[in-house]
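Tertiary structure, described
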Amino acid sequence: MARLNTWEFGNIRIVDFKEITIFDRYIRDDVLGEWSYYQLADNYGEIVAVHNWEDE
């Protein structure tokens, strides 16, 4: 399982965009637009990151 260490959220899990649902809450993108952060509706509100520049 890949993880990303952020100054704001600490060590968070990296997920594919297809794992994000309409029930998950978008938080924001980082300054460069490389990562988007979401709060999952399940898993006790876990914060995850999605890589925006990943090739599909």
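First, a word on scope: everything that follows refers to the structure included in this document. (Residues numbered from 1 in each chain as written. Predicted model: local features only at pLDDT ≥ 70, side-chain atom pairs only at ≥ 80, totals over all residues. Heavy atoms only, no water.)

Looking at the pairing of strand β1 (residues 3–6)
Across the two faces of β1 the burial differs, with L4 and T6 buried and R3 and N5 not buried at all. Sheet topology places β1 next to strand β2 (residues 10–15); 4 bridges connect them, and they run antiparallel. Each residue of the ladder has a partner; that of T6, found in β2, is G10. Hairpin remark: β1 followed by β2, antiparallel, with 3 residues in the connecting loop. (Buried < 20%, exposed > 50% of the residue type's maximum accessible area, 1.4 Å probe, protein only. Helix = DSSP H or I, 4+ residues; strand = E, 2+ residues; numbered from the N terminus. Pairing = 2+ DSSP bridges.)

Description of the packing of aromatic side chains
Taken as a whole and assessed by the stated rule, the structure comprises 2 aromatic pairs. Taking 5.5 Å as the distance between ring centres and 70° as the angle between the ring planes, the aromatic pair formed by Y26 and Y38 counts as edge-to-face. Of this pair, Y26 sits in strand β3 (residues 25–29) while Y38 sits in strand β4 (residues 35–39); the two residues are 12 residues apart in sequence, bridging distant segments of the chain. Its relative accessible area of 42% is what places Y26 among the partly exposed residues. Look at Y38 and you get buried, because its relative accessible area is 12%. (Phe/Tyr/Trp six-rings, centres within 6.5 Å; stacked < 30°, edge-to-face > 60°.)

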